[in-house]
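In case you want the letters, here they are:
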Amino acid sequence: MLEASQYGLMLAKFKKHRLALISFWVLASIYLMAILANFVAPYSPVTRFGDLVYASPTQIHIRDAEGAFHLPFVYGRTSQLDEATYTYTFADDTSTRYPVRLFTKGEPYKLWGVISSDVHLIGVGSEQPLMLMGSDQLGRDLFSRIVHAARVSLFIGFGGVLVSFFLGILLGGISGFFGGTIDLIIQRVIEFFMSIPQIPLWMGLSAAIPENWTGIQTFLAITIILSLVGWTGLARVVRGKIISLREEDYVTAAKISSAGNLAIIFRHLLPGFMSYLIVHITIAIPGMILGETTLSFLGLGINPPDVSWGSLLQQAQDVTVIAFYPWLLYPCAAIILAVVLFNFIGDGLRDAADPYTR
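The structure contained in this document is the topic of the report that follows. (Residues numbered from 1 in each chain as written. Predicted model: local features only at pLDDT ≥ 70, side-chain atom pairs only at ≥ 80, totals over all residues. Heavy atoms only, no water.)

1. Some thoughts on the overall build of the chain
Part 1 of the argument: When helices and strands are tallied, the chain shows 15 helices and five strands.
Part 2 of the argument: Over its C-alpha atoms, taken along the principal directions, the chain stretches across nearly 85 × 55 × 40 Å.
Part 3 of the argument: Evaluated residue by residue, the chain yields a buried proportion of 42% over its 358 residues.
Part 4 of the argument: The long-range fraction of contacts in the chain, counting pairs at least 24 apart against all pairs at least 6 apart in sequence, stands at 66%.
Part 5 of the argument: For the chain, the exposed area adds up to about 19400 Å²; of that, 64% sits on carbon and sulfur atoms. (Helix = DSSP H or I, 4+ residues; strand = E, 2+ residues; numbered from the N terminus. Buried < 20%, exposed > 50% of the residue type's maximum accessible area, 1.4 Å probe, protein only. Contact = heavy atoms within 4.5 Å. Areas by Shrake-Rupley, 256 points an atom, 1.4 Å probe, with all protein chains shown as cover.)

What follows is the structure, encoded as C-alpha cells:
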C-alpha cells in the first residue's frame, strides 16, 4: 500500500499550482544571480566610467548600419553636452563593433571572497563598457549595482524573519496551550512590545549603533533587534488557533499516550493551521525587503559604499532627474518583482497546505 507524508502531499499539490511553481523557479534564479553576483555582473558596484555619466541603456544590435547581420554586438558611444538642457546625450559610433560574449574576461574578483577569477557571465571583452540598464550620476553600471544590491536586499532579512517566526510560534503556542498565569504574563509582554512605535525605534537604533560599523552590519543589527519585538502579531494568532484546537479529540489522545507538551504543540496542533504559518513567513520576507528598502531610501539603512535596492532608489527622489533618466527606476522594478513572486509562492503554499482545497 502506497503512503505519503503530509509534506509529500503538500509538495505534490504545490507542483500543480503552475503560477506558484513558475514563481518559485524565477525567484530561485534571482537568488542564484545574487549568490553569484561577482560572476553575473559585468563590473563591481563601484566601478566608474567618467565619460558615461547618466548614460542610457546600451542597445544590443544584430544588424549593422549597412544592413548586414552579425552576432550580437554593441557600438561605441560618444557623449555631447546639450546646451539647451545642460544634459549629456550619447550617440553610437558605428565605425567600430564590439561583440557581446558570454563567459568573457573582465574585471578580476574573488567569488565569495575565496575563489579568484576574472570571468563574467556577459561582457564585451574590451574597454567599451556594456551598460544593460544605463548608468547613474557617477557613471557606474546600474545593472551591476542592482545585481550586487540583491545580495543585501534578498538575504539580510532572513535572520530577522526566522527569529521572529520562532519566537511567535513558541511563545504563542505556550500561551495558548497552558493558559492561566503563563498566558497572562505572555499577553502583557506582547501588549508592551506592540505599544512601541516602529519608525522611532528604527531611528533610535540607527543612532545608537557605533559609527564605525558598516552599513550592512548596522542594518543587520537593527533587523535582529526588531525581530525580537516583531513576533507579537504571529504569537497572538498562534495563541488563538491553539485555544480553538487544544480540546480536540486527537489532542486528548496525544495527552493520554503520554506525549510531551511541546510535542503536542509542534507535532499535533501547529500542523492544524500550517497554511496560515506558511503564508505568514512568505509575507514576512518581502516585508523585510520593503522595510530595508524604505529605511535605505530614507538614509537610515544601507549607506555607500554598500548597495541595496533601497539605497539605489535614493537617486530617484528628484522628479526632474527621473524625467531625464527614467532607467534609475529599474531597482524599483526589481523590488516589485521579488515581492510579487513571494506572494505568488505564498498563495501556492497556502493552497497546498490547506486540507479543504481541491
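Moving on from the coordinates now.
2. Details of the environment of Ile-169
Part 1 of the argument: For Ile-169, the location among the structural elements is in helix α5 (residues 158-178).
Part 2 of the argument: Between the alpha carbons of Ile-169 and Thr-232 there is a distance of 9.7 Å; along the sequence they are 63 residues apart.
Part 3 of the argument: With residues near it in sequence (within four places) discarded, Ile-169 still touches Leu-234, Val-238, Phe-266, Leu-270 and Leu-277.

3. So, helix α11 (residues 261-269)
Part 1 of the argument: Looking only at α11, the buried set comprises Ile-264, Ile-265 and Leu-269. All buried residues of α11 lie within an arc of 100° about the axis, which places them on one face of the element.
Part 2 of the argument: For α11, the secondary structure elements touched by its buried residues are α5, α9 (232-245) and α10 (249-256). (Arc of directions from axis to C-beta.)

4. A look at the side chain of Asp-136
Part 1 of the argument: Positionally, Asp-136 belongs in the loop between β5 (115-123) and α4 (142-155).
Part 2 of the argument: In terms of polar contacts, Asp-136 uses its side chain to reach the backbone amide nitrogen of Leu-138, at 3.0 Å.
Part 3 of the argument: Discounting chain neighbours no more than four positions away, the residues touching Asp-136 are Val-53, Tyr-54, Arg-145, Gln-315 and Leu-328. (Polar contact = N/O pair within 3.5 Å; in protein donor to acceptor, adjacent residues only side chain to side chain.)

All quantities given are derived from atomic positions and should not be read as evidence of function.
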